[in-house]
Amino acid sequence: GGPPRGGSLPILARHAVAAGDAERAARYSIAAAQAALEARAPEEALRLVDLALPAAASPPDRVALLGARDRALEMVRRPAERLEGLAELAALADALADPGLELDVMLRRAAALRVADDEDRAAALARRVRELAAERGNRHAELAACLELAQALLRATLGESYSPTASEVDLDGAEEALERAAALAEDIGEERSLAAALRELGVVAVGRLRAWWVDFVLTGHGHELQARVAAGETADEIMPTLPVAPLYDKAVNLFQRALELFHHLGDRRGAMSSLIAMAYITWVPDMHLTMSARRIEEVRRLAT
């Protein structure tokens, strides 16, 4: 007698399957699985998909169900099962001759490979998607490919990295992909992707700052800053005098812009991730310098 409420969708899906009503079984199962994913209940989504797949005959219904299953497996971080399921989705994309779905499946596979710690293959696949999307003029797919490529090169999921080690990741490649992603996101109005790209660009800047600091200390210049702190200067006073001050300011501004966008979108997780990154970049230099100065004072005390 009208559209069902969200809470009744799983029950209706099960009854439709039991009654052999394939059309409504697929429709209600897809809606129920989507609702479960939005509620961050991936196990429930997987149960619904497994229930409905045998009854789903039309390719669009199977694509929707397999896509929901892939998202659920992504949430529970089961990359091996994702890759198995994506093989069927790829076959459907070929059968439907859907170039957009083909690129989507390739990106899903790249993400699964990345989570499985096969970042090199993930990066190669993301680059291929980026090239194909650019050739076809599919800016949304190119944007997604740039973000996926950056994650593979930084070896971290969006929002989960704070201070990458330059020797372990590809900062140059990630920065290029993220700058392109930010440009595309701004051009097509994808604020969430723009916020994510800006935050990760800030992370790249932090990685460069970290590399500079390590080199500065290893070349024997660290004692100069330690002495300044011991003499009473604070990290906030010292930072503007360093050659990396513009890079530091760039990172802070990127995190600030990302934070404002996440707040505007109501994305609490993204906002918190940006806020932690800002706290990290402002707190860590002070911690390093202050602790180093304390060590100097301790050495002097012991020497005395």
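Please refer to the structure higher up on the page.
Now for a look at the structure at hand. The structure displayed is predicted, hence computed values, not measured ones.

**Looking at the nonpolar core**
With 62 residues, the main nonpolar core has Leu103, Leu143, Leu154, Leu178, Phe255 and Ile281 as its most contacted residues. For this core, the secondary structure elements donating two or more residues are helix 6 (99-115), helix 7 (119-136), helix 8 (139-154), helix 9 (171-188), helix 10 (191-218), helix 11 (222-230), helix 13 (245-265) and helix 14 (268-303). Ranked by the residues each element gives to this core, the list is headed by helix 10, at 12 residues. Apart from residues lying up to four places away in sequence, Leu143 is in contact with Ala181, Leu184, Ala185, Ile188, Glu190 and Ser193. One finds Ala36, Ala52, Leu66 and Ala68 within the second-largest nonpolar core, a separate group that totals 23 residues.

**Side note on unusual backbone geometry**
With a phi angle near 50 degrees, Ala97 is a residue other than glycine that sits in the positive phi range. By the element assignment, Ala97 lies in the loop between helix 5 (79-96) and helix 6.

**Quick word on the packing of helix 9 against helix 10**
Two numbers describe how helix 9 lies on helix 10: the axes approach to 9 Å, and their chain directions differ by 155 degrees. Taken as axis vectors, helix 9 and helix 10 run roughly antiparallel relative to one another. The hand of the helix 9/helix 10 crossing is left-handed. Across the interface between the two elements, Leu171, Asp172, Ala174, Glu175, Leu178, Glu179, Ala181, Ala182, Ala185 and Glu186 from helix 9 touch Ser193, Leu194, Ala197, Glu200, Leu201, Val204, Gly207 and Arg208 from helix 10. Tallied by class, the residues present in the contact of helix 9 with helix 10 amount to 10 nonpolar, two polar and six charged.

**So, the environment of Arg114**
Following the sequence through the fold, Arg114 ends up in helix 6. In sequence terms Arg114 and Glu148 are 34 residues apart; their C-alpha atoms lie 9.0 Å from each other. Those residues in contact with Arg114 that sit more than four places away from it in its chain are Glu119, Ala122, Glu148, Gln151, Ala152, Ala156 and Thr157. Within polar-contact distance, the side chain of Arg114 engages the side chain of Gln151 at 3.3 Å. Separated by 3.1 Å, the side chains of Arg114 and Thr157 make a polar contact.

**Points about helix 2 (residues 22-38)**
Taking 1.5 Å as the rise per residue, helix 2 with 17 residues should run 24 Å; its terminal C-alpha atoms sit 24 Å apart, in good agreement. Inspection of helix 2 places Ala25, Ala26, Tyr28, Ser29, Ile30, Ala32, Ala33, Ala36 and Leu37 among the buried residues, and these make up the whole buried set. Those residues of helix 2 that are buried are in contact with helix 1 (9-18), helix 3 (42-52) and helix 4 (59-75). Arg40 sits one or two positions beyond helix 2 and adopts a positive phi of about 60 degrees.

Each value, and the rule that gives it
Residues numbered from 1 in each chain as written. Predicted model: local features only at pLDDT ≥ 70, side-chain atom pairs only at ≥ 80, totals over all residues. Heavy atoms only, no water. Core = buried A, V, L, I, M, F, W, Y, C linked by side-chain atoms within 4.5 Å. Buried < 20%, exposed > 50% of the residue type's maximum accessible area, 1.4 Å probe, protein only. Helix = DSSP H or I, 4+ residues; strand = E, 2+ residues; numbered from the N terminus. Contact = heavy atoms within 4.5 Å. Axes fitted to C-alpha atoms, helices over the stretch in contact; angles between N-to-C directions. Parallel < 35°, antiparallel > 145°, perpendicular 65-115°, else oblique. Left-handed = near helix turned anticlockwise from the far one by under 90°. Nonpolar A, V, L, I, M, F, W, Y, C, P; charged D, E, K, R; others polar. Polar contact = N/O pair within 3.5 Å; in protein donor to acceptor, adjacent residues only side chain to side chain. Expected span 1.5 Å × (residues − 1).

So, to be careful, I would describe these as geometric facts and stop short of saying anything about function.
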